[in-house]
Amino acid sequence: MTEFGLIEQISKMFATIPANGFEGIGDDCAVLPIGDEESLVFTADMLAEGVHFLRRATSPEELGRKSLAVNLSDVASMGARPVATLLSLAIPRDLPQGWIERFMEGYRDLSTQHGVALIGGDTTASDSGLIVNVTAIGRTQSQHLKRRSDARPGDLIAVSGPLGESGAGLRDILNGQYDTPLAHIHRNPTPQVAEGIWLGSRPEVRAMMDISDGIASDLRHIMERSGVGAEVEIRQIPTSVDIETAATAGEDYQLLLTIAPTKADTLLKEFEACFHKPLIPIGRITAGNRLEWLDHGTPLDVEWQGFRHY
Ligand code: ADP
Ligand code: MG
């Protein structure tokens, strides 16, 4: 069974239990309205040694930052401001003295940068590798929330930065080359926190999510939840590596969003003025249910799939 098949099965098993006011499984975060105007959002992401990282190929500080970064990315992709985290660690007995302290320095660096409190967690021993589990909580005005389910035919599809470099960096790491620029990018994702909050405040942004498994997988989540199709001009995908890697490799942690077509030009200009970098248009939402890859308007005969950990 695939990761998404299992999640669907779990979701069905629990569907008869009251949601107690939460919008649950299926988006980057769960949502709980508080009062009339605001909402809290919740997300959890786990990093397991040997699956998400090799201990010999990362510094403890980098892993501390990345563990938090991937969670901040999910909060920001809802248009929300991250406010607090819970951190759970399963620590192998052979971990060198001082390793966890250095991991925590990295986790604290990024927490400080974004003003995110550490409010709890759990600490235990592990008989296999190191496991890091983070729960992040965000807060926003409810009308700023961005979901995967609000894309409409005609919307412009855009991304917030280069894709595929992290995936190419992972290839370097698996080839034993830990010091390449791409390997560095892989270990040091930058969550688009200010960008996500800003885009959340803009009503012309319709659907939004973060790109953790490649647009070949993640764009399909927007399509399924919005009941739409999409076409992507592959040569517009921003990347310094090959286009297939850019479309299918994981862990970019850029934002993927759809924008109401009549307001898109203004939004792109204002984003660039604010962040000194562009939002990059890569395609259009369509009325169908297919994902088409186009090369200068000509459909390509490829079946690109996103990255799977599981
Ligand atoms: P993301 O890549 O944004 O972190 P995932 O693809 O990991 O999202 O998860 C998709 C959805 O499924 C999310 O809403 C997530 O909270 C939910 N989910 C994932 N694993 C589980 C699980 N074991 N139990 C319940 N919900 C889960
Ligand atoms: Mg996500």
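Conventions we followed
Residues numbered from 1 in each chain as written. Chains lettered and ligands numbered in written order. Predicted model: local features only at pLDDT ≥ 70, side-chain atom pairs only at ≥ 80, totals over all residues. Heavy atoms only, no water. Donors = N, O, S within 2.8 Å, 3.2 Å for Na, K, Ca; no water. Helix = DSSP H or I, 4+ residues; strand = E, 2+ residues; numbered from the N terminus. Buried < 20%, exposed > 50% of the residue type's maximum accessible area, 1.4 Å probe, protein only. Contact = heavy atoms within 4.5 Å. UniProt positions renumbered as here; feature names shortened; annotations may be inferred. Polar contact = N/O pair within 3.5 Å; in protein donor to acceptor, adjacent residues only side chain to side chain. Domains from an automatic or database assignment. Buried area = accessible area lost by both parts, 1.4 Å probe. Phe/Tyr/Trp six-rings, centres within 6.5 Å; stacked < 30°, edge-to-face > 60°.

### Some thoughts on the coordination of the magnesium ion (ligand 2)
The coordination sphere of the magnesium ion (ligand 2), as far as protein atoms go, consists of D28 (OD), D74 (OD) and D210 (OD), spread over 2.0 Å. Along the chain, the residues donating to the magnesium ion (ligand 2) fall in the pattern D-x45-D-x135-D. Taken together, the positions of D28 in the loop between α1 (3-13) and β1 (30-34) and D74 in helix α2 (residues 60-76) put the pair 46 residues apart, joining distant regions of the chain. Across the pair, exposure class does not vary: D28 and D74 are buried alike.

### Things to note about the environment of V31
In this structure, V31 sits in strand β1. As for V31 and H221, which are separated by 190 residues in sequence, their C-alpha atoms are 18 Å apart. Residues within four places of V31 in sequence aside, it is in contact with G21, F22, E23, S39, L40, V41, M78 and L145.

### Comments concerning the UniProt feature "binding site: Mg(2+) 3" (unreviewed entry) in the protein
If you check UniProt for "binding site: Mg(2+) 3" (unreviewed entry), the listed places come out as D28, D74 and D210 in our numbering. The annotated residues occupy 183 residues of the chain but converge on a single region, no pair of C-alpha atoms lying more than 7.6 Å apart. Classification of D28 by relative accessible area gives buried; the value is 7%. A polar contact of 3.5 Å, which involves the side chain of D28, links it to the side chain of S77. Position of D210 among the secondary structure elements: in strand β7 (residues 205-210). Ignoring anything within four residues of it in the chain, the contact list for D210 reads D28, V70, S73, D74, S77, D218, Y253, Q254 and L255.

### Notes on the domain arrangement of the protein
Parsing the protein into structural domains produces domain 1 (3-144) and domain 2 (148-297). Distance from the C-alpha centre of domain 1 to the C-alpha centre of domain 2: 22 Å. In this complex, domain 1 contributes 25 residues to the contact, which on the side of domain 2 involves 26 residues. In total, domain 1 and domain 2 occlude about 2200 Å² of area from one another, counting both sides; carbon and sulfur atoms represent 53% of this.

### Considering the packing of aromatic side chains
Aromatic rings in a pair are described by how distant their centres are and how their planes are angled relative to each other. In total, this model carries seven aromatic pairs according to the counting rule given. Taken together, a centroid distance of 5.7 Å and an interplanar angle of 55 degrees make the contact between F22 and F42 tilted. Placement of F22 in the loop between α1 and β1 and of F42 in strand β2 (residues 38-48) is noted, with a sequence separation of 20 residues between them. Overall, the relative accessible area of 37% leaves F22 in the partly exposed class. Judged by centre distance (5.6 Å) and plane angle (75 degrees), the ring pair of W198 and F271 falls under edge-to-face.

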